[in-house]
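# An overview of the molecular structure
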Amino acid sequence: MKLLKYPYVVQTEILDHMNNSDLFELSLVSKKIRKLVKSSQMKRLKNTVSIMYDCCWLSGRPLVYIQYKENSIMFYSKIFFFIPSENRTIIESIHNNFLYFFGNSVEYYWKTDNYKILIPRLENLSVCCRIRIPNKFEDLENVDNFFTSHPVLKSIDLGFWADESLSPESESRLYQVESIKISQYDLKLPPVLRNFQGKQAILDCCLCQASDLIEFVKRWKAGEAYQNLEHLKIRRRREEIPLDETLTAIGAQHIYATRKRPAHTLPKLFIEYAFEPTTDPITSHSYVVRESDNRVASVLIQGKTLSFGVWDKTEEEFLRMVD
């Protein structure tokens, strides 16, 4: 069927009945077709949030899909399967096609769990990785090479159980990533909690003292670190966190019990699952205040977990909100 010979109204009707996968594949045929798809279908694609090159797909076949929102609910739409190691120009053509449609209006992610596969350098592309480093691991050098070879790391999901840490340069990449989730035996190997410079973090560790948590909050309050922090959760695997002792040590203040506890939650910087687009709510009567700008952070201690959520409000604005 020679699509371009039909009147524009007919062309649009045909394209309207195509799914997203067929639509994007068709747009690769020629510049004229691509222009037609964009002029007639952008209203349909305007809610797109991100493009994902997913090399962790459960089927074992890497998949390209788009994430989009409708009525504040996140959905996925599969586009096509691809081979990460195939000709670089093919992947570049696919990516440039997405750039033609969306430009800088969406996020572009490459998600991988294989640090040995080379990731192409594509415009506006952020890397999200999942890496497991067990005890007696003998390939830290290649993991170091992976971290240091990718300047833009958006999100890291790291399991670290090795006896020795990464190189200083690799560790610095961990600290700079916007969003990190790490399970580790020793909180100080690597010392992500102490050095984190990003926005959202979940830490799960065995060797974690209450004094480590107290130090973290005090450094935030004094403005010594964590200037970009929005949301952090720390889980101890062994004993529970001493509630009263910890709240007293960090100088926590408290909203009257009769007032409604505010719920702190934020859009996740990297949305892995459509049904989990936001951080877990932190609903607490306890809070601390940063000395430098009077910014408030909610603090919640439940059993073995400490949750910490920074509000974009001064203490005065925060208290006015809960009145």
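For the structure itself, consult the block above.
First things first, this report covers the structure right here in the doc. Please read these numbers as outputs of a predicted model, since none were measured by experiment.

With respect to the helices and strands, the residue His95 is situated in helix 4 (residues 88–102). Owing to a relative accessible area of 1%, His95 belongs among the buried residues under this scheme. Side-chain polar atoms of His95 contact the backbone oxygen of Glu123, separated by 2.7 Å.

This part takes up the nonpolar core. The biggest cluster of nonpolar side chains holds 79 residues, and the ones touching the most others in it are Phe98, Ile133, Phe147 and Phe308. With 6 residues, helix 4 is the largest single contributor of residues to this core. Beyond its immediate chain neighbours, meaning those up to four positions away, Ile133 contacts Leu140, Val143, Leu158, Gly159, Phe160, Trp161, Ala162 and Leu166. Ranked by size, the runner-up nonpolar core spans 7 residues in total, among them Ile255, Tyr287, Trp311 and Val322.

Let us look at the packing of aromatic side chains. Inspection of the entire model under this criterion finds 14 aromatic pairs. Taking 5.2 Å as the distance between ring centres and 80 degrees as the angle between the ring planes, the aromatic pair formed by Trp220 and Phe308 counts as edge-to-face. Of this pair, Trp220 sits in helix 8 (residues 210–221) while Phe308 sits in strand 15 (residues 305–314), and the two are 88 residues apart along the sequence. In terms of burial, Trp220 and Phe308 fall into one category: buried. These aromatic residues form a ring-pair network of at least three members: Phe24, Tyr53, Phe98, Tyr100, Phe101, Phe102 and Trp110. For Arg34, the ring lying beneath its charged end belongs to Tyr100, and the centroid distance is 4.0 Å. Its end group placed over the ring of Tyr100, Lys38 keeps NZ or CZ at 4.5 Å from the ring centre.

The subject of this paragraph is the packing of helix 3 (residues 31–45) against helix 4. Orientation of helix 3 relative to helix 4, taken along the N-to-C sense of each, is 60 degrees, at an axis distance of 10 Å. With respect to helix 4, the axis of helix 3 lies oblique. Where helix 3 crosses over helix 4, the handedness of that crossing is right-handed. Of helix 4, the residues touching helix 3 (which contributes Arg34, Lys35, Val37, Lys38, Met42 and Leu45) are Asn96, Asn97, Tyr100, Phe101 and Phe102. Taken together, the residues that form the contact of helix 3 with helix 4 break down as 6 nonpolar, 2 polar and 3 charged.

Quick notes on the rules
Residues numbered from 1 in each chain as written. Predicted model: local features only at pLDDT ≥ 70, side-chain atom pairs only at ≥ 80, totals over all residues. Heavy atoms only, no water. Helix = DSSP H or I, 4+ residues; strand = E, 2+ residues; numbered from the N terminus. Buried < 20%, exposed > 50% of the residue type's maximum accessible area, 1.4 Å probe, protein only. Polar contact = N/O pair within 3.5 Å; in protein donor to acceptor, adjacent residues only side chain to side chain. Core = buried A, V, L, I, M, F, W, Y, C linked by side-chain atoms within 4.5 Å. Contact = heavy atoms within 4.5 Å. Phe/Tyr/Trp six-rings, centres within 6.5 Å; stacked < 30°, edge-to-face > 60°. Lys NZ or Arg CZ within 6 Å of the ring centre and 35° of its normal. Axes fitted to C-alpha atoms, helices over the stretch in contact; angles between N-to-C directions. Parallel < 35°, antiparallel > 145°, perpendicular 65-115°, else oblique. Left-handed = near helix turned anticlockwise from the far one by under 90°. Nonpolar A, V, L, I, M, F, W, Y, C, P; charged D, E, K, R; others polar.

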